[in-house]
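# Observations on the three-dimensional arrangement
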Amino acid sequence: MAKYLAQIIVMGAQVVGRAFARALQQEYAASQAAAKARGSSAQHSAAASSITGMTVQEAQQILNISTLTPEEIQKNYEHLFKVNDKTVGGSFYIQSKVVRAKERLEEELNIQTQQKKQQKTET
């Protein structure tokens, strides 16, 4: 009786293990296909996100920006930087987040500008 129970448990573990391995392979293939579809532009953006430690969406939320325009970024940055100045009772941590958000959005604007230049030269 114990022998059959052990066999059932081993067979069940094998089935679950194979299913898990197949699911991992499918997920890996899907992520590779998605990365190819995004192309190099997403790679530059992802690299910038990993360097700054902040995504574009997070930076937009911090600076309260809906569209990426240099004027809006600068205006909101200056306001939030002044409001969070330590001398007026603000938070240095929040002020540093505002600076990092501005840097991240400026980097994204540079990436978009480079992409537009590449598209113009290709056509």
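The following paragraphs examine the structure supplied in this document.

## Looking at helix 3 (residues 70-83)
Look at helix 3: 20 Å from first C-alpha to last across 14 residues, which is about the 20 Å you get at 1.5 Å a residue. Considered for burial, the residues of helix 3 that qualify are I73, N76 and Y77. End-on, the buried residues of helix 3 take up no more than an arc of 105°, which puts them together on one face. Opposite the buried face of helix 3, at more than 90 degrees from it, the exposed residues are E71, K75 and K82.

## Structural notes on the packing of helix 2 (residues 56-63) against helix 4 (residues 92-122)
Interaxial distance between helix 2 and helix 4 falls to 9 Å at its minimum, and their mutual angle equals 130°. Judged on the interaxial angle alone, helix 4 and helix 2 are oblique. Between helix 2 and helix 4 the crossing geometry is left-handed. Between helix 2, through V56, E58, A59, Q60, I62 and L63, and helix 4, the contact on the second element is made entirely by K97, V98, A101, K102, R104, L105 and E108. Residue composition of the contact of helix 2 with helix 4, grouped by class: seven nonpolar, one polar and five charged.

Reading guide: rules and limits
Residues numbered from 1 in each chain as written. Predicted model: local features only at pLDDT ≥ 70, side-chain atom pairs only at ≥ 80, totals over all residues. Heavy atoms only, no water. Helix = DSSP H or I, 4+ residues; strand = E, 2+ residues; numbered from the N terminus. Expected span 1.5 Å × (residues − 1). Buried < 20%, exposed > 50% of the residue type's maximum accessible area, 1.4 Å probe, protein only. Arc of directions from axis to C-beta. Axes fitted to C-alpha atoms, helices over the stretch in contact; angles between N-to-C directions. Parallel < 35°, antiparallel > 145°, perpendicular 65-115°, else oblique. Left-handed = near helix turned anticlockwise from the far one by under 90°. Contact = heavy atoms within 4.5 Å. Nonpolar A, V, L, I, M, F, W, Y, C, P; charged D, E, K, R; others polar.

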